[in-house]
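Close look at the chain arrangement
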Amino acid sequence: MTGGGASGDEKAALRRRLLSARAGLSAQQRAAAERALRDAVLGLPQAQMAGTAAVYYSIGSEPGTHGLVYALWKRGTYVLLPVLRPDLDLDWASYEGPESLRPGPRGLTEPTEPPRGVAAVSRADLVIVPALAVDRRGVRLGRGGGSYDRALARVGPQVPTIALLYDAELLDEVPAAPHDQRVRLVARPEGGITRLPHKLPFSSPLP
């Protein structure tokens, strides 16, 4: 579900620009970004104390999470990964190492463990989500399916919700619709962790 009218058009245009910029990143740039994001998140006290973390398993040009998922799991954190339902809502199942994954719908990689229900994300101590951009208010721009808006609506107000971005994707403003859920932090390869809402030192140009 996306916002209607001008807001929906603005989101679609912004998505195209952001995806084009991501497509221009080299494999080396993506790998370096993944390592930096992994280290930034693992350094958070909330990540170090989390008994359960809900994380996404990155695909394509998304900021990479494979190393982060593995590191959290090896640390002893109970890691939940999303399972896309036919209605585009997100179920969740546990990650039990690299061999516990299989191809899912829409090019996704999903865990083979039994799903634990859409409400499982509400029991996570840390929630890490994908985003194409986030603005200084915490408004998140996703792919348009609404899956993560539904998931984030189930997360308690004190739980850290973190969107992983490339550095140019923290913007001054993202078009927002009433159903859009906000995140509380972003992680960027060079920018590190930013808590939101956050006043940017200048207006960030769109890619």
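Every chain begins its residue count from 1, and numbering advances along the sequence as written. Reporting of local features is limited, given that this is a predicted model, to residues whose pLDDT is at least 70; pairs of side-chain atoms are given and counted only at 80 or more, and all residues count toward the totals for whole chains, interfaces and linings. Side-chain metrics in this entry use all non-hydrogen atoms of the structure; hydrogen atoms and water are not considered.

**Some words on the pairing of strand 2 (residues 78–84)**
- Here the term buried applies to any residue with accessible area under 20% of the maximum for its type, exposed to any over 50%, and partly exposed to those in between, with areas from a 1.4 Å probe on protein chains only. For the purposes of this entry, the term helix denotes a DSSP run of H or I that reaches at least four residues, the term strand denotes a run of E that reaches at least two, and both are numbered from the N terminus. Counted residue by residue, strand 2 has 6 buried out of 7 residues, so it is predominantly covered.
- Relative to strand 2, strand 1 (residues 52–54) is paired through 3 bridges, and the arrangement is parallel. If you follow threonine 52 over to strand 2, its bridge partner there is tyrosine 78.
- The handedness of a crossover follows from its direction of travel: if, with the strands pointing away from the viewer, the path from the first strand over the helix to the second runs clockwise, the crossover is right-handed. Taken together, strand 1, helix 4 (residues 66–75) and strand 2 form a β-α-β motif whose crossover is right-handed.
- When DSSP finds two or more bridges between a pair of strands, those strands are recorded as paired. Of the pairings in the sheet, the one linking strand 2 to strand 3 (residues 90–94) comprises 5 bridges and is antiparallel in character. If you follow proline 82 over to strand 3, its bridge partner there is tryptophan 92.

**Describing the environment of leucine 81**
- By the element assignment, leucine 81 lies in strand 2.
- Of the residues examined, leucine 81 reaches a relative accessible area of 0% and is grouped as buried.
- Once the C-alpha coordinates of leucine 81 and proline 111 are considered, the two residues, 30 residues apart in sequence, prove to be 6.7 Å apart.
- The contacts of leucine 81, once residues within four sequence positions are left out, are Val55, Tyr56, Tyr57, Val69, Asp91, Trp92, Ala93, Tyr95, Leu101 and Pro111. Contacts are residue-level and defined by heavy atoms, with any inter-residue pair within 4.5 Å sufficient.

**Overview of the layout of surface pockets**
- We place a 1 Å grid over just the protein atoms. Points where a 1.4 Å probe fits but has no way out form a cavity, open points with protein on both sides within 12 Å along at least 5 of 7 lines form a pocket, and any residue with an atom within 4 Å of a point lines it. Grid points are joined across faces, edges and corners, and a volume is the space filled by probe spheres set on the points. In this structure, the largest pocket encloses a volume near 650 Å³.
- As for the largest pocket, its lining consists of 33 residues, and the residues nearest its centre are Glu62, Leu108, Arg143, Ser147 and Tyr148.
- Counting only elements with at least two residues in the lining of the largest pocket, the list comes to helix 1 (5–23), strand 2, strand 5 (109–111), strand 8 (140–141) and helix 5 (147–152).
- The classification used treats Ala, Val, Leu, Ile, Met, Phe, Trp, Tyr, Cys and Pro as nonpolar, Asp, Glu, Lys and Arg as charged, and all other residues, Gly among them, as polar. In terms of residue class, the lining of the largest pocket is built from 15 nonpolar, 8 polar and 10 charged.
- Reported here for the second largest pocket is a volume of approximately 220 Å³.

**A few points about the sheet that holds strand 10 (residues 170–171)**
- Ordered in space as 8-7-10, the 3 strands form an open sheet in which the pairing is mixed. Across the chains shown, the open sheet's two edge strands, defined by having one partner strand only, are strand 8 and strand 10.

**Here we look at the confidence of the model for the chain**
- Scored from 0 to 100, pLDDT records how confident the predictor is in each individual residue. On average, the chain scores 92 in pLDDT, and the residues at 70 or more come to 92%.
- Across residues 202–207, where pLDDT falls below 50, the model places 12 contacts with residues more than four positions away in sequence or in other chains.

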